[in-house]
Amino acid sequence: MSLISIYKLTIVVLIIIAAGTTSATALYYQQQNATLTNKVATLNNDLNSTQHQLDTQTTQIDQLQNTNSQLLTTNAQLAATLQQLQKQVSGVQGQVANLTKTIPKTNYTLVSNGSIALYEYGPAQFIPFTSTLSQTKLNVTFSGGLTIAILLNQSQYDTFRTCNCYNYDNYTSSTWSSPASTFYTTLVPIPTANTWYVAFIEPANNPNRGYFTDTETLQLIST
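Within every chain, residues take consecutive numbers counted from 1 along the sequence as written. Given that the model is predicted, a residue must reach a pLDDT of at least 70 before its local features are reported, and side-chain atom pairs must reach 80 or more before they are shown or counted; all residues, however, enter totals for whole chains, interfaces and linings. Derived side-chain values reflect all non-hydrogen atoms in the structure, with water molecules and hydrogen atoms excluded from consideration.

Draft legend 1. Local environment of helix α2 (residues 154–162). Where α2 is concerned, the buried positions are Gln156, Tyr157 and Phe160. Buried residues of α2, seen end-on, are gathered within an arc of 100 degrees and therefore sit on one face of the element. In what follows, residue pairs with any heavy atoms lying within 4.5 Å of each other are defined as contacts. Helix and strand assignments follow DSSP, with helices taken as H or I runs no shorter than four residues and strands as E runs no shorter than two, numbered in order from the N terminus. Those residues of α2 hidden inside the fold are in contact with β2 (125–130), β3 (135–153) and β6 (195–201). Categorising residues by exposure relies on relative accessible area from a 1.4 Å probe, with only protein chains included: less than 20% of the type maximum marks a residue as buried, more than 50% marks it as exposed, and the intermediate range marks it as partly exposed. As used here, the arc belongs to the directions running from the helix axis to the C-beta atoms.

Here it is, written out as structure tokens:
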């Protein structure tokens, strides 16, 4: 074999070796590229998932911030309302305190409490008492048979004692008189500080004439 033939053969072998080496290298790089491509895809998926989570959390944070803002606004409104209510309560408490100062204290003085006997066509039963300037009302309560209560001053009492009026119910003048009743309670104004008499009478037109007993209570009221 000539030198030229050997040289050509050598070149052919080298070309074959180079081709094989290039093919192997290309395959390696293709494998590496595929691996890297898969990693990039995985990273992109992870990035997208992370971005979604971040977006979700950002939305939740925005919602919480809005809720917090609304709560702060509501809290401010409630605080303002509470302050107004506290002012109103203070005002009402002041009014109550003023009313408490101006409302006069009421005192009760017992004049009489017991039983009285009344008879058909009289006589009346009298309960005397003396009032002061501050004792301006008389609490009159009675119950029992059909009865009339009459308030008399001294001159009215003197006239009433001498009248012949039990048979006709045409009584002389009085300061106050109740209707005929089996139960009655009221407050009677006392015009002046004086000696007074409360007369209890069985009316002549009582359909159930006869003797009966009444229970009575008289109280002077002063302020």
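Draft legend 2. Here's a closer look at the side chain of Ser222. With respect to the element layout, Ser222 can be found in strand β7 (residues 212–222). We classify Ser222 as buried; its relative accessible area is 8%. Beyond its immediate sequence surroundings of up to four residues, Ser222 is in contact with Lys105, Thr106, Asn107, Ser134 and Gln135.

Draft legend 3. Summary view of the pairing of β3. In the sheet, β3 pairs with β7 via eight bridges, with the strands oriented antiparallel. If you follow Thr141 over to β7, its bridge partner there is Thr217. Across eight bridges, β3 lies against strand β5 (residues 181–189) in antiparallel orientation. Considered in β5, the bridge of Asn139 is made with Leu187. Strands are treated as partners if at least two bridges between them are detected by DSSP. The pairing of β3 with β6 spans six bridges and is classified as antiparallel. When the bridges of β6 are listed, Ala149 appears paired with Phe200. In the sheet, β3 pairs with strand β4 (residues 176–177) via two bridges, with the strands oriented antiparallel. Bridge assignment links Ile150 to a residue of β4, and that residue is Ser177.

Draft legend 4. Geometry of the environment of Ile127. Mapped onto the elements of the fold, Ile127 is located in strand β2. Between the C-alpha atoms of Ile127 and Val198, which are 71 residues apart in sequence, the distance is 5.2 Å. Look past the residues within four positions of Ile127 in its chain and what remains in contact with it is Val111, Ser112, Trp196, Tyr197, Val198, Phe200, Glu216 and Leu218.

Draft legend 5. The nonpolar core, seen in detail. Counting residues in hydrophobic clusters, the biggest one holds 18 residues, and the most contacted among them are Phe129, Leu138, Val140, Leu151 and Phe200. Of all elements in the fold, only β1 (107–118), β2, β3, β6 and β7 reach the threshold of two or more residues within this core. Here the element with the most residues in this core is β3; it accounts for five residues. For our purposes a nonpolar core is just a set of buried Ala, Val, Leu, Ile, Met, Phe, Trp, Tyr and Cys residues, chained together by side-chain atoms within 4.5 Å. Within the second largest apolar cluster, twelve residues are counted, among which are Ile150, Tyr157, Tyr197 and Ala199.

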